[in-house]
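Take a look at the letters that make up each chain.
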Amino acid sequence: EAVRWYNKHILALSDSIDRKGMMNSEDSLSLGSSYGDLGDIYKEGGHGIERNLIKAVSCFEKAAELGWSTSVSIYLIAELYMEGDERVERDANQAVRLYKKAYDNGFDAAAFELGECYMKGLGVEKNEEKAFEWYEKAAADQKHVRAMNRLSVCYLDGRGTAKDEEKGIYYD
């Protein structure tokens, strides 16, 4: 039912825009928001809707084009590429590029994901120093709890930085 409502809303807005011959910022935001919500529905599936990452990516791309939380849309597309499924091939390289773009566009949560990619060598060459740097950004920018935990481990084990038990305990 929700998908039907969003599709109706998108069609009605699109028709209105076509009749006016232009799109104002309110139309763009509303349309982008609808595509973002629809992307979430396809990403998660459930409630009678089959999970479909191809449709989710398409919706998030349209949402980003329309200016709806561009950094969030980019981040969500990156997650889909990192995850992959039977319809969308996992592409860690593309995910890393998109995480960086999301971070550069102001979505700080992407810093943690980049730290994970560098720590595990997903889509990039494994580099504990770069992983540590991204964890620091995530912890500083947003007090990301999992990033703080990773910093604790890095300090306690000397991964990507010099061993420092005091800092390890601080971040734990």
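Owing to the predicted nature of the structure, the values given are computational and were not obtained by experimental measurement.

> How should I be thinking about the overall build of the protein in this particular structure?
Each helix and strand counted, the protein has nine helices and zero strands in total. Along the chain direction, N to C, the helices and strands of the protein fall in the order α-α-α-α-α-α-α-α-α. Within the protein, the proportion of its 172 residues that are buried is 42%. Put simply, of all contacts in the protein between residues at least 6 apart along the chain, 44% involve residues at least 24 apart.

> Would you take a moment to explain the packing of helix α4 (residues 70–83) against helix α5 (residues 92–104) for this structure?
Between two packed helices, what matters for the description is the angle formed by their axes and the separation of those axes. Where α4 meets α5, the axes come as close as 8 Å, and the angle between the chain directions of the two elements is 160°. Overall, the two elements α4 and α5 adopt an arrangement that is roughly antiparallel. Crossing handedness for the pair α4 and α5: left-handed. In this structure, α4 contributes S71, I74, Y75, I77, A78, E79, Y81 and M82 to the contact, and α5 contributes A92, Q94, A95, L98, Y99, K101 and A102. Partitioning the contact of α4 with α5 into residue classes produces eleven nonpolar, two polar and two charged.

> Which parts of the structure should I look at to understand helix α8 (residues 145–157)?
Every α-helix carries 3.6 residues per turn, so stepping three or four residues along brings you back to the same face. Look at α8: 18 Å from first C-alpha to last across 13 residues, which is about the 18 Å you get at 1.5 Å a residue. Residues A147, L151, S152, C154 and Y155 constitute the buried set of α8. Here the buried residues of α8 occupy an arc of 165° about the axis, which is enough to place them on one side. Positive backbone phi, approximately 70°, marks G158, located one or two places after α8.

> Please clarify how helix α3 (residues 53–65) should be interpreted in this entry.
End to end, α3 covers 18 Å across 13 residues, agreeing with the expected 18 Å (1.5 Å per residue, within 8%). Taken together, the buried positions of α3 are occupied by L53, A56, V57, C59, F60, A63 and A64. One side of α3 carries all its buried residues, which in axial view fall inside an arc of 165°. A distance of 3.1 Å separates the backbone nitrogen of I54 from a side-chain oxygen at the start of α3, and that oxygen is part of N52. The positive-phi residue at the C-terminal boundary of α3 is G67, with phi of around 85°.

> What is the right way to look at the environment of C59 in this model?
One can find C59 in helix α3. Residues within four places of C59 in sequence aside, it is in contact with Y35, L38, G39 and Y42.

Scoring rules and cut-offs
Residues numbered from 1 in each chain as written. Predicted model: local features only at pLDDT ≥ 70, side-chain atom pairs only at ≥ 80, totals over all residues. Heavy atoms only, no water. Helix = DSSP H or I, 4+ residues; strand = E, 2+ residues; numbered from the N terminus. Buried < 20%, exposed > 50% of the residue type's maximum accessible area, 1.4 Å probe, protein only. Contact = heavy atoms within 4.5 Å. Axes fitted to C-alpha atoms, helices over the stretch in contact; angles between N-to-C directions. Parallel < 35°, antiparallel > 145°, perpendicular 65-115°, else oblique. Left-handed = near helix turned anticlockwise from the far one by under 90°. Nonpolar A, V, L, I, M, F, W, Y, C, P; charged D, E, K, R; others polar. Expected span 1.5 Å × (residues − 1). Arc of directions from axis to C-beta. Polar contact = N/O pair within 3.5 Å; in protein donor to acceptor, adjacent residues only side chain to side chain.

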